[in-house]
Each structure stands twice: as C-alpha cells, then as structure tokens.
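Read off the chains here:
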Amino acid sequence: MMAVVKTNLILISGVLVWPIAAAAQQSQAVRLYYQEYEPSVAPYRVTYTVTDDHMRIDDDSDRDSYIVFDRKANKIFSVSHVDESTLVIPDYQVVDFEPDFEIDIVYEPMKAAPKVAGKAVYSYRVDAVSGPTAETCMDIQLVPGLLPEVAASLQAFQQLVAGQQSVNVDKTPDEFRTPCYLIDQIYNSGEYYSKGLPVQEWHSNGRMRQLLNYEETEVDRTIFSIPTDYRQFSLQ
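A brief report on the enclosed structure follows. Being a predicted model, the structure only gives us computed values, none of them experimental. Within each chain, residue numbers correspond to sequence positions counted from 1 in written order. Per-residue local features are limited, in this predicted model, to residues with pLDDT of at least 70; the limit for side-chain atom pairs, both in listing and counting, is 80 or more; totals at the level of whole chains, interfaces and linings are taken over all residues. As a convention, hydrogens and water are excluded, and side-chain values are obtained from all of the structure's heavy atoms.

1. Quick look at the overall build of the protein chain
Piece 1. Labels follow the DSSP assignment, with helices taken as runs of H or I lasting at least four residues and strands as runs of E lasting at least two, numbered in each case from the N terminus. Of the regular secondary structure elements, the protein chain holds three helices and 14 strands.
Piece 2. Only protein chains enter the accessibility calculation, which uses a 1.4 Å probe; a residue is then buried when its area is under 20% of its type maximum, exposed when over 50%, and partly exposed in between. For the protein chain, with 236 residues in total, the buried portion stands at 38%.
Piece 3. Residue contacts follow a heavy-atom distance rule, with two residues in contact if any of their heavy atoms lie within 4.5 Å. Within the protein chain, residue pairs in contact and separated by at least 24 positions form 57% of the contacts whose partners lie at least 6 positions apart.
Piece 4. Counting only carbon and sulfur atoms, one obtains 50% of the accessible surface of the protein chain, whose full area is about 13600 Å². Using a 1.4 Å probe, the Shrake-Rupley method yields the accessible areas, and only the shown protein chains count as cover for residues.

Printed below as a string of structure tokens:
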C-alpha cells in the first residue's frame, strides 16, 4: 500500500507555490524487511530500500554502517561511520567457474505452501554432486512474479558481490574451497532471483533469511548519499 505523502504549500507574496526542491528529492521505493539468522548470532533484521536506480541495505545489528548499490554506476558502497571509510566494489570481471563436480538444480512448485500475495511459492535447490554423493548448497523458497524489479536489483547486487569474491578466491586456502563453498559463497551470482523474489533462504554456511514484510513508500533520495569526506578503498 502506497504511503500518504504530506505536502506543505508555501506562501510567497500572497501566492501559494509548491516546494519543488523538496519534492524533487523524493523517490518511489519498495522497502523489504528480512529476518536474518546465522550461527552463534542472535537473529537480526535487515531492511532493503529499493528504487529504480538505487538500493540501500541497513542492518539492525550494526547501526554504524550501511550499504548503497548504485545501479547506474554498477558499484556497491559499504559505508562505515566508525572508521570513516567506504569500501567500493566495482564491476569486476567474474572469473570463469569450471568445477570438477556436477551442479544439480531442482526447481519445482511447493504445492502445500500457502500463497504469498496470491502467488504460488516455488523451491529452488542447488546440490553439488561428486560421484555417488550429493550435498545441498542452497535451498531457496521464492515467489515468481512478486516484485520483479526488486528481484532484478537484488540479482544485479549479488552479481557484483560474486565478481569480487571470484577475483579474490585465490586468497582462500585450498582446504576451504569445498564444492558448496565455491557454489554458494564465491560464484553465487543470484541466478535464483531470475525465477522470483526469495521469501526464505538457507545457505551452506548456516545463514538463513526470511521475508517478514514489504511495503511501497516514498523516500528521500539523500539516504543513498555516500560521505564525500570518507576514505574510499577496494579489496583488489
């Protein structure tokens, strides 16, 4: 449901005028609230604010930082107020993934699952198959057709993350490069977002995520600003 926008008129020389500058700073957005879980950490909420050209991520467990994804520039900015710095993730060239094992993807409707916004829920499971054994690396429950533009933004964001991870994979010791680690933590380009918006996720590192709610709203575009006086750096 769209938020009600309150606009105040300004009286200048007896004429009512619209506050154009203030209105120009507003953008239509979708705000999503996810509950995140990870081993040995209390559950925490993460808020995603998505417009046509930006996404901001706010982690309730770390209020001294935030992440901005600029879709036009195709860059991620991770801002830390504590050390006044910004990690910049540019559009890295993703290193080709040529695994010595098979990857099995099972995509099917969850017939017993209740519908979300009137739409069916599907299961998207990714297994690593080595000989006779298979290990589940990702188990995603998603809804096709639910907020497709938001899903596209999330996929573009994940592709940038995968790019950074892949160019730095050589820094990871060989013993940690298990099939699921490579599929889920390094070369995970978010292909499942092309199928629909995830409402629940499980990943091989024990992290889980569940969609609590979402809403359409208006936001001040300044929330996507990056501090100009902070040190910027990258990991390459």
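2. So, the sheet that holds strand S12 (residues 197-203)
Piece 1. When DSSP finds two or more bridges between two strands, those strands count as paired. Taken together, the 12 strands give an open sheet; going across it, the order is S9-S10-S11-S12-S13-S3-S4-S5-S6-S7-S8-S14, and neighbouring strands pair in mixed fashion. The sheet is open, and its two edges are formed by strand S9 (102-109) and strand S14 (231-233), each paired on a single side. Sheet twist, expressed as the mean angle between neighbouring strand axes with direction ignored, is 20°.
Piece 2. Bridge count for strand S10 (residues 122-130) against strand S11 (residues 133-143) is nine bridges, and the pairing is antiparallel. Residue pairing for S11: Ala128 is matched across the bridge by Glu135.
Piece 3. Where helix H2 (residues 148-167) meets the sheet, it contacts strand S3 (26-38), strand S4 (41-50), strand S5 (54-59), strand S6 (65-70), strand S7 (75-80), strand S8 (85-89) and S12, and its direction lies at approximately 105° from that of S6.
Piece 4. Helix H3 (residues 179-186) contacts S9, S10, S11 and S12 of the sheet and is inclined by roughly 20° relative to S11. Axis lines are fitted through C-alpha atoms, for helices just across the contact stretch, and the angle between N-to-C directions can take any value from 0 to 180 degrees.

3. So, the side chain of Thr47
Piece 1. The residue Thr47 is located in strand S4 in this model.
Piece 2. Residue contacts for Thr47: discarding those within four places in its chain leaves Arg31, Leu32, Tyr33, Arg56, Ile57 and Asp58.

4. Topic: the side chain of Thr172
Piece 1. Within the secondary structure layout, Thr172 lies in the loop between H2 and H3.
Piece 2. Polar contacts, as counted here, are pairs of nitrogen or oxygen atoms within 3.5 Å of one another; within protein the pair requires one atom able to donate a hydrogen and one able to accept it, and residues that are adjacent in sequence qualify only if both atoms are side-chain atoms. In this structure the side chain of Thr172 is engaged in a polar contact, spanning 3.4 Å, whose partner is the side chain of Tyr181.
Piece 3. Among residues more than four places away in sequence, those in contact with Thr172 are Arg177 and Tyr181.

5. Some words on the layout of surface pockets
Piece 1. Using only the protein atoms, space was sampled on a 1 Å grid; points where a 1.4 Å probe fits but cannot get out form cavities, open sets with protein on both sides within 12 Å along at least five of seven lines form pockets, and lining residues are those with an atom within 4 Å of a point. Grid points are joined across faces, edges and corners, and a volume is the space filled by probe spheres set on the points. A volume near 1000 Å³ is recorded for the largest pocket.
Piece 2. Lining the largest pocket are 35 residues, with Tyr48, Phe157, Gln158, Val161 and Arg207 positioned closest to its centre.
Piece 3. Sorting elements by how many residues they give to the lining of the largest pocket places H2 first, with seven residues.

6. What about the nonpolar core?
Piece 1. Residues grouped as a nonpolar core are buried Ala, Val, Leu, Ile, Met, Phe, Trp, Tyr and Cys residues, joined through side-chain atoms within 4.5 Å. With 43 residues, the main nonpolar core has Leu32, Tyr48, Met55, Val150 and Leu197 as its most contacted residues.
Piece 2. Ignoring sequence-local partners within four residues, the contact set of Leu32 consists of Val46, Thr47, Tyr48, Val50, Leu147, Val150, Leu197, Leu211, Asn213 and Tyr214.
Piece 3. Membership of the second largest hydrophobic core comes to seven residues, among which are Tyr66, Val79, Phe224 and Tyr230.

7. Considerations on the environment of Ser61
Piece 1. Topologically, Ser61 is positioned in the loop between S5 and S6.
Piece 2. In this structure Ser61 comes out as partly exposed when scored by relative accessible area, which is 49%.
Piece 3. Taking C-alpha positions, Ser61 is 8.8 Å from Pro43, a pair spaced 18 residues apart along the chain.
Piece 4. Of the polar contacts made by the side chain of Ser61, one reaches the side chain of Asp59; its length is 2.6 Å.

8. Describing the pattern of salt bridges
Piece 1. Here a salt bridge means any side-chain nitrogen of Lys or Arg lying within 4 Å of a carboxyl oxygen belonging to Asp or Glu. Scanning the entire structure with this criterion turns up nine salt bridges.
Piece 2. Glu36 serves as the salt-bridge partner of Arg207, at 4.0 Å between the closest nitrogen and oxygen. Here Glu36 lies in strand S3 and Arg207 lies in the loop between S12 and strand S13 (208-220), a separation of 171 residues in the sequence.
Piece 3. We note a salt bridge from Arg45 to Asp60, for which the minimum N-O separation is 3.5 Å. Here Asp60 lies in the loop between S5 and S6 and Arg45 lies in strand S4, a separation of 15 residues in the sequence.

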